[in-house]
Amino acid sequence: MKSTNSFYETLGLKLRACRKAKNVTLAELAENLNKSLSTVSKYEKGEIAIDVEVLADYCAYLDLDMAYILPVTKKTAQNTKMERYQEHSIDQLYVYFYKPEGNLLRTCVIENNNATLKAVMYYDVHDLSDIYDCSFIYFGKVVYTDTNIYFVGQNAAPPYDILTLSIPNMSSPNSSTGKGYRPGLMNTLTFYYQMVSIKCIVSREPITDKKLLLDKLPLTPEEIKWVKNSNVFNIFI
């Protein structure tokens, strides 16, 4: 069981990440909560406990669903569909992709609440020792099927673009790799800039082998075929 200090430290890190993702300053938030700057800073550092009423006001100001930042307390899904896919459920996923501009390898982390199917993606995590230190946050849901896992989320900040991620089930014995990772396809949907689809590598645990990632991230002919087969639509006239 996590200590009380650990609970408030993690909660504070999430609150800080959400505040920054919304481009809200500490001073703006402190004024809205009618709290001193130092008090709000201590909330985000986990140095003092935050009252439920204050937490509700905090989330309301950030237009944030409190369920996304509180720890999972309900472990079992009470619906037939989730019971069917229970073996595929994963609490946390690590997503890696290559960004040609700047020759950079990017990392994202997805936290799933498999009882409610709510999910949060921390996009472009700067250091895995603090996954909440990231460039953007996408709030959404995780969907399990017989063959794939899907994440669909919306950016917490303007222009509120939508991001989707599709990967083969991590537990599937017929996956293209017997390793602890799978190839995935990530898409961004927006009206404000060019839509992008990019291959990524998704794993249950952090991957520290950078060479492996750089070797696996280019699309293979087999993966291009998989993309074509799993991302099509039919028009019936």
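Residues numbered from 1 in each chain as written. Predicted model: local features only at pLDDT ≥ 70, side-chain atom pairs only at ≥ 80, totals over all residues. Heavy atoms only, no water.

This part takes up the packing of helix α2 (residues 26-33) against helix α3 (residues 37-45). Here α2 crosses α3 at 105°, and the two axes come no closer than 9 Å. As summarised for this structure, α2 and α3 are arranged roughly perpendicular, according to the angle between their axes. In contact with Leu26, Ala27, Leu29, Ala30 and Leu33 of α2, α3 contributes Leu37, Val40, Ser41 and Glu44. Each residue belonging to the contact of α2 with α3 can be placed in one class, and the counts come to seven nonpolar, one polar and one charged. (Axes fitted to C-alpha atoms, helices over the stretch in contact; angles between N-to-C directions. Helix = DSSP H or I, 4+ residues; strand = E, 2+ residues; numbered from the N terminus. Parallel < 35°, antiparallel > 145°, perpendicular 65-115°, else oblique. Contact = heavy atoms within 4.5 Å. Nonpolar A, V, L, I, M, F, W, Y, C, P; charged D, E, K, R; others polar.)

Quick look at the packing of aromatic side chains now. For the coordinates displayed, the defined rule picks out six aromatic pairs. Grouped by ring-pair contacts, the aromatic residues Phe97, Tyr123, Phe136 and Tyr138 constitute a single cluster. (Phe/Tyr/Trp six-rings, centres within 6.5 Å; stacked < 30°, edge-to-face > 60°.)

A word on the confidence of the model for the protein. A low pLDDT score tells you not to read the predicted coordinates there in detail. Averaged over the protein, the pLDDT score is 85; the fraction of residues at 70 or greater is 83%. Across the protein, α3 holds the top mean pLDDT of 96, while helix α5 (residues 80-84) sits lowest at 61. (pLDDT = per-residue confidence, 0-100.)

Let us now look at the pairing of strand β3 (residues 118-127). Within β3, seven of the 10 residues are buried, leaving the element largely enclosed by the surrounding structure. Linkage of strand β2 (residues 104-113) to β3, two consecutive antiparallel strands, is achieved through a turn of four residues, within which Leu117 is found at a positive phi near 65°. In the sheet, β3 pairs with strand β4 (residues 130-144) via eight bridges, with the strands oriented antiparallel. When the sheet's bridge partners are listed, Lys118 is paired in β4 with Lys141. In this antiparallel pair of consecutive strands, β3 and β4, the connection spans two residues. (Buried < 20%, exposed > 50% of the residue type's maximum accessible area, 1.4 Å probe, protein only. Pairing = 2+ DSSP bridges.)

A contiguous nonpolar surface patch, about 310 Å² in accessible area, is contributed by Val152, Ile162, Leu189 and Met195. Note on placement: Leu189 falls in strand β7 (residues 181-189). Assessed through its relative accessible area of 40%, Leu189 is described here as partly exposed. (Patch = residues over 30% accessible without salt bridge, like charges linked within 9 Å, V, L, I, M, F, W, Y side chains within 5 Å. Areas by Shrake-Rupley, 256 points an atom, 1.4 Å probe, with all protein chains shown as cover. Salt bridge = Lys/Arg side-chain N within 4 Å of Asp/Glu carboxyl O.)

According to the stated counting rule, one finds six salt bridges in the structure shown. We note a salt bridge from Glu111 to Lys14, for which the minimum N-O separation is 3.7 Å. Of this pair, Glu111 sits in strand β2 while Lys14 is found in helix α1 (residues 4-21), placing the two residues 97 residues apart along the sequence. With respect to class, Glu111 is no different from Lys14; both count as buried. Between Lys118 and Asp65 there is a salt bridge whose closest N-O contact spans 3.1 Å. Note that Lys118 is positioned in strand β3 and Asp65 in the loop between α4 (52-61) and α5, a separation of 53 residues in sequence.

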